[in-house]
Each structure stands twice: as structure tokens, then as C-alpha cells.
Amino acid sequence: MIPSLVFHSDSELLEGPVFDEKNNDLYFVSIFDCLVYYYNPATKEILSIKLDSPVSCVFLLEKKVILVSSKNGFFEIDFNTLQKKFVFQIDIDNAVRYNDGIKDPIGRIIIGTMGYPEVKEKIGHVFSYHKGEYKTIINNTTISNGLAFSLDNKFLYFIDTPTKKVAKYSYDIETGEVEFISNVIEFKGASSPDGMCIDKNGMLWIAEWGGGCISKWNPLNGEKIEDIKLPCTNVTSCCFDNDSNLYITTAKDDLNEDIYGGGLFYVKLNKI
């Protein structure tokens, strides 16, 4: 399981990889460059569109068309025409920006915020947006990060990075309401959990900021199963493609000589 470097453009912070299983395309963002990327694994084509504020995550709409969150609102981006248009904004505090997000099975947008330009304790929230209306479902977060639904969609796993824990919430698919159940995973080392995804067996794959790896965990017993080392310290997020292999985003580490941080990697897994 040796990571291969797919893309590197001196980005400070690559994030939010999302794989379009229907069309076999990958999307990801460079947060502070305000860039949204499209990547075709078959042709190796890479396209980008720049917005006017930091971007964070992608929601699939149709072939080469996505919705992306930016500090200044949500934009529809069409990579067929390289056009962008403003769609909506949630009433967020001026001192925050959006961070990680996910769609639920009926199309609700679940997205968290964090302090910007400065990280501030418990200034963030996790919102649910659907059909022009939004509500807060998780309060007082600091760095809202990884989100993943259990395979039966009855539970939502969520990472608030400074807690160094993965929380488990019950999820009501009818109302979109959540209720905290327990913390199911705890990081006890120097690294902190960032983005994550879930595999077809219900195991969580978590990017470790400061840990130089993606780690695989069983959320039913909180045990770490294995990890995949990356050639850089700050690993930000991951997603699976149609072959159950991993795309992984990373960020620069300014404290160490880091030539690979900020790159997009691909890992072929022997098994899941």
C-alpha cells in the first residue's frame, strides 16, 4: 500500500476529496487558494475554477457539475463550461468559514464551520440545509471536520478535531435531527483526527493531522486496525473510488522541510 502522488501545485491546504461513483470523477479543493479542482482518473485531465473566498467542500450534482461551499456562500460550478454561479448562503458569523460537509441520503447538506481567520474555541456549529431552509444540529464546535454516515444511515459520525475524538450521533432521516450517543474513537497520541470516510464494511478511515497517515478504525469497539503512511505530516481527508482504493489530500507542514505536503495521493489497497 504505497501512496502515489497524483497532483501537486504547491498548495498550502488541499482538502475535501469527493469521488463521483457514477461518472468516475474526483473533486477536491485548495482552501486558501480558493480553488476547486476536477480530476479525471482515466484521462488525467485536471481543471480548476477560482472563487473569491476560501472554499471547503464539494457536493455532487451531475456530471462535471457540483455545488461548493465558500466563505461567501455556496456556488454551482460547471466544469463542462468552466462557469460558476452563486446559489445560496447560510447566515453564518463573519468570524467563521465553512469546513467539512456531507450530503445525507435524501439530499440534505450537512456542513460545519470553524473560526476564520483565527481559530476560536467553540465558535462553530454544524448546520443542516435542505430546500432553502437550514437549522443548527450540533452546537459549540471548534474545528468541525470529518462526517460519515453509518451504512444503515441511522448514525452520523462526526469529528471536532481539538477533542481528538470521533462522536456518534443518532440520525433521524425523516427530520434530519441528531442526538449525541457517545464518543466511539479517541486519539491518544500526538496527531489529531481530520477528515474521514467509511468503507463498505462500516470501518472508518481517518486522516491524521500531524500523524502522517490514514488510520482505519472499528467504530463499534473503538479499536485501531491499521494505518497507511504518507510522505508528509499533515493528512487532511480521504475518499474511496469505485475500486475501493483511496484518494488522500494533504497540507504543508511549515515546521519541517516538507516537499510532499499539499499533494493529492492515491493508494491501492490490498483489501478492505
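Now for a quick tour of the structure. Keep in mind the model is a prediction, meaning the values are calculated, not measured.

Notes on the sheet that holds strand β2 (residues 14–20)
- Pairing within the open sheet is antiparallel, and its 4 strands lie in the order β2-β3-β4-β5. Strands at the two margins of the open sheet, each flanked by one partner only, are β2 and β5 (46–50). On average, each strand axis in the sheet is tilted by 20° relative to the strand beside it, whichever way the strands run.

Notes on the packing of aromatic side chains
- Here the structure, examined in full by the defined rule, presents 20 aromatic pairs.
- Measuring from centroid to centroid gives 4.4 Å for Phe74 and Phe88, while their planes differ by 10°, and the two rings are stacked. One end of the pair, Phe74, is in strand β8 (residues 73–78); the other, Phe88, is in strand β9 (residues 83–88), and 14 residues separate them in sequence.
- A residue is classified by how much of its surface remains accessible, and Phe88, at 9% relative accessible area, is buried.
- Where Trp205 meets Phe240, the ring centres are 5.7 Å apart and the plane angle is 90°; that geometry is what we call edge-to-face. With Trp205 in strand β19 (residues 204–209) and Phe240 in strand β22 (residues 234–240), the pair connects residues that are 35 residues apart, well separated along the chain.

A look at the sheet that holds strand β6 (residues 55–62)
- Taken in spatial order, the 4 strands line up as β6-β7-β8-β9 in an open sheet, and their pairing is antiparallel. Taken across any chain shown, the strands that pair with only one partner, and hence form the sheet edges, are β6 and β9. Neighbour-to-neighbour, the strand axes of the sheet open up by a mean angle of 30°, direction not taken into account.

Quick notes on the nonpolar core
- Core analysis: the largest hydrophobic core is formed by 17 residues, its most contacted members being Val29, Val36, Val58, Ile66, Val68, Ile77 and Phe79.
- Only β3 (25–30), β4 (35–39), β5, β6, β7 (65–70) and β8 provide two or more residues apiece to this core.
- Here Ile77 is in contact with Val36, Ile49, Leu51, Lys64, Val65, Ile66, Val68, Gln83 and Lys84, once residues within four sequence places are set aside.
- Counting residues in hydrophobic clusters, the runner-up holds 16 residues, among them Met203, Leu230, Val235 and Leu246.

Some details on unusual backbone geometry
- With omega at 5°, the peptide bond leading from Tyr116 into Pro117 counts as cis.
- Within the secondary structure, Pro117 is located in the loop between β11 (109–115) and β12 (124–130).
- One non-glycine residue, Lys131, adopts positive backbone phi at about 50°.
- One can find Lys131 in the loop between β12 and β13 (133–141).
- The exposure class assigned to Lys131 is exposed, which follows from its relative accessible area of 75%.

Some words on the pairing of β5
- The alternating pattern of β5 places Leu47 and Ile49 on a buried face, while none of Ile46, Ser48 and Lys50, on the opposite face, is buried.
- Relative to β5, β4 is paired through 5 bridges, and the arrangement is antiparallel. Along β5, the bridge assignment pairs Tyr37 with Ser48.
- Here β4 folds back onto β5 in antiparallel fashion, the turn holding 6 residues, of which Lys44 has a positive phi close to 70°.

Reading guide: rules and limits
Counting restarts for each chain, with residues numbered from 1 along the sequence as it is written. Whole-chain, interface and lining totals are the exception, using all residues; otherwise, since this is a predicted model, local features are given only for residues with pLDDT of at least 70 and side-chain atom pairs are given and counted only at 80 or more. By convention in this description, side-chain values take in all heavy atoms of the structure and omit both hydrogens and water. Two strands form a pair only when DSSP identifies at least two bridges running between them. Under the DSSP-based scheme used, a helix requires at least four consecutive residues in state H or I and a strand at least two consecutive residues in state E, with every element numbered from the N terminus. Note on geometry: axes are C-alpha line fits, over the in-contact stretch for helices, and angles between N-to-C directions span 0 to 180 degrees. Any two of the Phe, Tyr and Trp rings considered here, Trp counted by its six-membered ring, make a pair once their centres fall within 6.5 Å; the pair's planes then place it as stacked at under 30 degrees, edge-to-face at over 60, or tilted in between. Whether a residue is buried, partly exposed or exposed follows from its accessible area with a 1.4 Å probe, protein chains only, as a fraction of its type maximum: under 20%, in between, or over 50%, in that order. Take the buried residues of types Ala, Val, Leu, Ile, Met, Phe, Trp, Tyr and Cys, join any two whose side-chain atoms come within 4.5 Å, and each joined set is a nonpolar core. The contact definition used throughout considers only heavy atoms, calling two residues in contact when any of these lie within 4.5 Å.

These results come straight from atomic positions and should not be treated as a statement about function.
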